[in-house]
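So you can see what is in the structure, the chains are spelled out below.
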Amino acid sequence: SYGYADLERRTPVTPATRWEIGSISKSFTAIALMQLKEEGRFDPRRPVRSYLPWFTPVSRWRPLTGHDLLTHTSGLPRDRDDIPSSPAQGYLARERTLGSAPGTKWVYSNIGFQVMGQLLESLTRKPYSEAIRQRILEPLGMTATEAGFTHATRLNLAHGYRPLYDDRPSRSSDPLVPAEWVEYGSGDGSIVANPADLGAYLIMLLNHGKGPSGEILSSDGYATLMTPYAKTSRGSDVAYGYGMFVGKLGAYDAF
């Protein structure tokens, strides 16, 4: 526990402080989809449009698969600057032209995981937040975690800050100002959690998919999640699996 959850009020950070966990959310999306794979309801090697018929980005190559999106090798861009990050970004990916052939180049794409979140909703027929709660949060006892944040969430969340100047590279000496607030519920980054809950999540990953009350993922599902499919821009020792980086920490596998 270090620093302040609210600089203006000097509210200290505690183990119960909740945070927006950003792109760690992508691993939750991937795990839920691996569960559906084990149930025979999702095949990452099938074209996404076989599940979401509207998903038809402009391409002179083969159709995009779930594997392409889960590994950031789809050729889709990171984000769109002309619309806010939302389910609309995923839907409007159908208007994008792919920048590279699927499976050939690793380019981090939030849009791809927004689409995968919508695919999860379509297959489970539940809102993203509900699907994640039932499939991951409840089995792991992550009672302080939500897979989507609304205005009400903001009341007991650490405040976000950003550098004052957005027209230049930021420096540690730059003043900070409160970050903009948005409600959010897509599969690329909509989870809020506290350190204790993330500890439970980490223990499950270290135990190869086993939670306190049973398997979250089978050994095969865990292996599919953690396979180093794509080389990344983070160096030769860091690859990407499904929703998370995979690499080495000394002599040990790390993620």
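The structure this text deals with has already been given above.
Computed from a prediction, not measured in an experiment: that's the story for all the values here.

Conventions we followed
Residues numbered from 1 in each chain as written. Predicted model: local features only at pLDDT ≥ 70, side-chain atom pairs only at ≥ 80, totals over all residues. Heavy atoms only, no water. Core = buried A, V, L, I, M, F, W, Y, C linked by side-chain atoms within 4.5 Å. Buried < 20%, exposed > 50% of the residue type's maximum accessible area, 1.4 Å probe, protein only. Helix = DSSP H or I, 4+ residues; strand = E, 2+ residues; numbered from the N terminus. Contact = heavy atoms within 4.5 Å. Salt bridge = Lys/Arg side-chain N within 4 Å of Asp/Glu carboxyl O. Phe/Tyr/Trp six-rings, centres within 6.5 Å; stacked < 30°, edge-to-face > 60°. Lys NZ or Arg CZ within 6 Å of the ring centre and 35° of its normal. Axes fitted to C-alpha atoms, helices over the stretch in contact; angles between N-to-C directions. Parallel < 35°, antiparallel > 145°, perpendicular 65-115°, else oblique. Left-handed = near helix turned anticlockwise from the far one by under 90°. Nonpolar A, V, L, I, M, F, W, Y, C, P; charged D, E, K, R; others polar. Polar contact = N/O pair within 3.5 Å; in protein donor to acceptor, adjacent residues only side chain to side chain.

(A) Region of the structure containing the nonpolar core. Ranked by internal contacts, the top residues of the largest apolar core, which has 52 residues, are Phe28, Phe42 and Ile132. Within the residue set of this core, elements represented by two or more residues are α1 (25-38), α2 (66-70), α4 (110-124), α5 (128-140), α6 (195-206), α7 (219-226) and β11 (245-249). Beyond its immediate sequence surroundings of up to four residues, Ile132 is in contact with Phe28, Thr29, Ala32, Leu120, Leu137, Ala147 and Ile191. If you look at the next biggest cluster of nonpolar residues, it comprises 5 residues, including Phe149, Leu157, Trp181 and Val192.

(B) Examining the pattern of salt bridges more closely. Applying the stated criterion across every chain yields a total of 10 salt bridges. Put simply, Asp6 and Arg9 hold a salt bridge, and the shortest N to O gap is 3.1 Å. Taking the relative accessible area as the measure of exposure, Asp6 reaches 5% and is therefore buried. The exposure class assigned to Arg9 is exposed, which follows from its relative accessible area of 65%. Among the ionic pairs, Arg171 bridges to Asp174, the shortest N-O distance being 3.6 Å. Exposure remark for Asp174: the relative accessible area of 8% places this residue in the buried category. Bridged by salt links that share partners, the residues Glu39, Arg41 and Arg135 form one connected network.

(C) How the structure looks around the packing of aromatic side chains. One pass over the full model with this rule turns up 10 aromatic pairs. Summarising the aromatic geometry, the rings of Phe149 and Tyr184 are spaced 6.3 Å apart at their centres and angled 40° between planes, so their arrangement reads as tilted. Here the residue Phe149 occupies a position in the loop between α5 and β4 (161-163), and Tyr184 occupies one in the loop between β5 (176-178) and β6 (192-193), the gap between them amounting to 35 residues. This pair shows no difference in class: Phe149 is buried, exactly as Tyr184 is. Seen from the ring of Tyr51, Arg46 lies directly overhead, with NZ or CZ sitting 4.8 Å from the centre. Here the guanidinium or amino end of Arg168 rests over the ring plane of Tyr165, the centre of that ring lying 4.1 Å away.

(D) Here's a closer look at the packing of α1 against α4. Their axes nearest at 10 Å, the elements α1 and α4 cross at an angle of 40°. The angle between α1 and α4 falls in the class oblique. Regarding α1 and α4, the two cross each other, and that crossing is left-handed. Across the interface between the two elements, Lys26, Thr29, Ala32, Leu33 and Leu36 of α1 pack against Asn110, Phe113, Met116, Gly117, Leu119, Leu120, Leu123 and Thr124 of α4. Each residue belonging to the contact of α1 with α4 can be placed in one class, and the counts come to 8 nonpolar, 4 polar and 1 charged.

(E) Region of interest: the side chain of Thr124. Its location among the elements puts Thr124 in helix α4. The buried category is assigned to Thr124, whose relative accessible area is 12%. Polar contacts involving the side chain of Thr124 include one to the main-chain carbonyl oxygen of Leu120, which spans 2.8 Å. The residues touching Thr124, leaving out its near neighbours within four places in the chain, are Leu36, Arg41, Ala131 and Arg135.

(F) How the structure looks around the environment of Pro212. Mapped onto the elements of the fold, Pro212 is located in the loop between β7 (210-211) and β8 (214-215). On the basis of relative accessibility, which here comes to 72%, the residue Pro212 falls in the exposed class. Sequence separation between Pro212 and Leu198 is 14 residues; the distance between their C-alpha atoms is 14 Å.

(G) Summary view of unusual backbone geometry. Despite not being glycine, His72 has its phi angle at roughly 60°, a positive value. Structurally, His72 is set in the loop between α2 and α3 (87-92). Owing to a relative accessible area of 1%, His72 belongs among the buried residues under this scheme. The phi torsion at Arg125 lies on the positive side, around 55°, for a residue other than glycine. Mapped onto the fold, Arg125 is located in the loop between α4 and α5. Arg125 sits in the exposed class, given a relative accessible area of 79%.

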